Amino acid sequence: MESWMEKAGNIIKNGGLVAFPTETVYGLGGDALNPQSSQKIYAAKGRPSDNPLIVHISKFEDLAPIVSEIPSCVYALRDAFWPGPLTIIFKKSDLVPYETTGGLDTVAVRMPVDPIALQFIAASGGYVAAPSANLSGRPSPTKAQYVIQDLQGRVDMILDGGPTEIGLESTIVDVTGDMPVILRPGYITKEMLEQIIGKVDVDPTILDVACKERPKAPGMRYRHYAPKGDLTIIKGTPEQVISFINEKTTENKEQKEVVGVIATDETKDRYWADVVKSVGERQDEASIAHRLYTILREFDDEGITRIYSESFEEGSMGQAIMNRLLKAAGHHYISL
Ligand code: TXA
Ligand code: MG
């Protein structure tokens, strides 16, 4: 009898779509080498088709056929971070259709570490194109229930692997130029990459709150991860932030708004908002990353119309966390 995994693999081989867990967020998978599958992915997500997809592989030997060149630093990156939450941009080979790369001559490749993801990719013929399994503009899904909310009826199967471990999308590094460049920050930090391959640049649009330059990863241009409530990030000392948010909460409640706050374990008991959610202890960056999208989704389900968040710039993953939070807030940021 056909196993679930074989069934999922056959759906992909026959041009269908399957949502699957990875260690970062759930992915919406299709056959990366089939142009129609990629078009289906864009349609299911409601995503602009100039926004390229990541090709997921399950073993390193599958890399060579889809790229035209493997720069030498890639072997060191592989030894340190693959399988894992690192996506690498290569010059593509003719095997990869332009439908998958959004018209670009480069291709993004990732080998996830999640065992269900690896089995599924292998069962699907080895090359699974997958963006995050959310509708365009919604937070990336960290649980199968959020995939169901967004994509039920739009995909042929959803594999449930429980909550994802990391909760933020992979780090993207472009190795096609003279110097490697981080196009999207993530769990694998700049420092971690530099320990392995020496100096790495960061696309300036990632860090700057008010940056008007065009990001190099097309997907980073769009407003993403948007919660339904109006989200503002507040930066200052803890005392400043708490009293500012409480003042605003009073005003907002008078206007019949439902107020939510993204707080930390250290501060959560001091807010007057209708719903206060903690991302964990302030020093525990993995917990902040893990909780962020889930909290944004929960606020949506709870009908929160106004959200305030503390700022999380410190630490090695601060860049990745703030990058996602700023995008969710449409860059709505107040520094006290
Ligand atoms: O953790 C992840 O990477 C998840 C899981 C499912 O693997 N996937 C994910 O895919 O986040 P997506 O499509 O939501 O984001 C992919 C990002 C987009 O910003 C896209 O523009 C960028 O990668 N990208 C893909 N191919 C690219 C390329 N050839 N050059 C530059 N950026 C590229
Ligand atoms: Mg996405």
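Enquirer: Could you give me a rundown of the sheet that holds strand S14 (residues 306-310), with the residues and numbers involved?
Expert: Read from one edge of the open sheet, five strands run S13-S12-S14-S11-S15, paired in parallel fashion. Two strands bound the open sheet, and with one partner strand each, they are strand S13 (275-278) and strand S15 (333-335). Neighbour-to-neighbour, the strand axes of this sheet turn through a mean angle of 20°, independent of strand direction. The pairing of strand S12 (residues 259-263) with S13 spans four bridges and is classified as parallel. Of the residues in S13, the one forming a bridge with alanine 263 is serine 278. With respect to the sheet, helix H7 (residues 238-254) is in contact with strand S11 (230-235), S12, S14 and S15, its orientation differing from that of S14 by roughly 180°.

Enquirer: So, the side chain of threonine 87: which residues are in play, and what are the values?
Expert: Checked against the element boundaries, threonine 87 lands in strand S4 (residues 86-91). On the basis of relative accessible area, threonine 87 is assigned to the buried category, the value being 0%. In terms of polar contacts, threonine 87 uses its side chain to reach the side chain of serine 170, at 2.7 Å. Leaving out residues up to four positions away in the same chain, threonine 87 has contacts with Ile54, Ala108, Val109, Arg110, Ser170, Thr171, Ile172 and Val173.

Enquirer: Explain the environment of threonine 205 to me, using residue names and the numbers behind them.
Expert: The topology assignment puts threonine 205 in the loop between strand S10 (201-202) and S11. Taking the C-alpha atoms as reference points, threonine 205 and isoleucine 148, 57 residues apart in sequence, are found 32 Å from one another.

Enquirer: Kindly report on the packing of aromatic side chains, identifying the contributing residues and their values.
Expert: Taken as a whole, this structure holds three aromatic pairs when the rule is applied. For the ring pair phenylalanine 20 and phenylalanine 120, a centre distance of 4.8 Å and an interplane angle of 40° mean the geometry is tilted. Here the residue phenylalanine 20 occupies a position in strand S1 (residues 18-20), and phenylalanine 120 occupies one in helix H4 (residues 115-123), the gap between them amounting to 100 residues. Under the relative-accessibility criterion, phenylalanine 120 is labelled buried at 0%. What links up through ring pairs into an aromatic cluster is the set Phe60, Tyr75 and Trp82. It is arginine 78 that lies over the ring of phenylalanine 60; its NZ or CZ is 4.5 Å from the centre.

Enquirer: Describe a negative patch on the surface, naming the residues involved and giving the relevant values.
Expert: On the surface, a cluster of negative charge is made up of Asp265, Glu266, Asp269, Glu281 and Asp284. Among the structural elements, glutamate 281 can be located in the loop between S13 and helix H8 (285-301). Residue class for glutamate 281 comes out partly exposed when judged on its relative accessible area of 43%.

Enquirer: Report on the packing of helix H5 (residues 144-151) against H8, specifying residues and quantitative values.
Expert: Where H5 meets H8, the closest approach of the two axes is 12 Å, and the angle between their N-to-C directions is 55°. The pairing of H5 with H8 is recorded here as oblique in orientation. Note on packing geometry: the crossing formed by H5 with H8 is left-handed. From H5, Tyr146, Gln149 and Asp150 reach across to H8, where they touch Thr294, Arg297, Glu298 and Asp301. For the contact of H5 with H8, the per-class residue count stands at one nonpolar, two polar and four charged.

Enquirer: Residues and numbers for the nonpolar core, please.
Expert: Ranked by internal contacts, the top residues of the largest apolar core, which has 41 residues, are Leu63, Trp82, Leu86, Ile88, Phe90 and Leu193. Contributions of two or more residues to this core are made by helix H2 (35-45), helix H3 (73-81), S4, strand S5 (106-110) and H5. In terms of nonpolar packing, the next biggest core, distinct from the first, is built from 25 residues, Ile233, Leu292, Ile295 and Ile321 among them.

Enquirer: Before we move on, could you go through the packing of H3 against helix H6 (residues 190-197) and cite the residues and values that matter?
Expert: The N-to-C vectors of H3 and H6 enclose an angle of 125°; their axes lie 9 Å apart at closest approach. Classified by the angle their axes make, H3 and H6 are oblique. The way H3 lies across H6 gives a crossing that is right-handed. Across the interface between the two elements, Cys73, Ala76, Leu77, Ala80 and Phe81 from H3 touch Met192, Leu193, Ile196 and Ile197 from H6.

Enquirer: An account of the sheet that holds strand S7 (residues 157-158) is needed here, citing residue identities and associated values.
Expert: The 10 strands are arranged S7-S1-S2-S6-S3-S5-S4-S8-S9-S10 in an open sheet whose pairing can be described as mixed. Lying at the two open borders of the sheet, with one neighbouring strand each, are S7 and S10. With five bridges joining them, S4 and S5 adopt antiparallel strand pairing. Paired with isoleucine 88 across the strands is valine 109, a residue of S5. Relative to the sheet, H4 contacts S1, strand S3 (54-56) and strand S6 (128-129), its axis offset from that of S1 by approximately 150°.

Cut-offs applied
Residues numbered from 1 in each chain as written. Chains lettered and ligands numbered in written order. Predicted model: local features only at pLDDT ≥ 70, side-chain atom pairs only at ≥ 80, totals over all residues. Heavy atoms only, no water. Pairing = 2+ DSSP bridges. Helix = DSSP H or I, 4+ residues; strand = E, 2+ residues; numbered from the N terminus. Axes fitted to C-alpha atoms, helices over the stretch in contact; angles between N-to-C directions. Contact = heavy atoms within 4.5 Å. Buried < 20%, exposed > 50% of the residue type's maximum accessible area, 1.4 Å probe, protein only. Polar contact = N/O pair within 3.5 Å; in protein donor to acceptor, adjacent residues only side chain to side chain. Phe/Tyr/Trp six-rings, centres within 6.5 Å; stacked < 30°, edge-to-face > 60°. Lys NZ or Arg CZ within 6 Å of the ring centre and 35° of its normal. Patch = residues over 30% accessible without salt bridge, like charges linked within 9 Å, V, L, I, M, F, W, Y side chains within 5 Å. Areas by Shrake-Rupley, 256 points an atom, 1.4 Å probe, with all protein chains shown as cover. Salt bridge = Lys/Arg side-chain N within 4 Å of Asp/Glu carboxyl O. Lys, Arg positive; Asp, Glu negative; His and termini not counted. Charge placed at Lys NZ, Arg CZ, Asp CG, Glu CD. Parallel < 35°, antiparallel > 145°, perpendicular 65-115°, else oblique. Left-handed = near helix turned anticlockwise from the far one by under 90°. Nonpolar A, V, L, I, M, F, W, Y, C, P; charged D, E, K, R; others polar. Core = buried A, V, L, I, M, F, W, Y, C linked by side-chain atoms within 4.5 Å.

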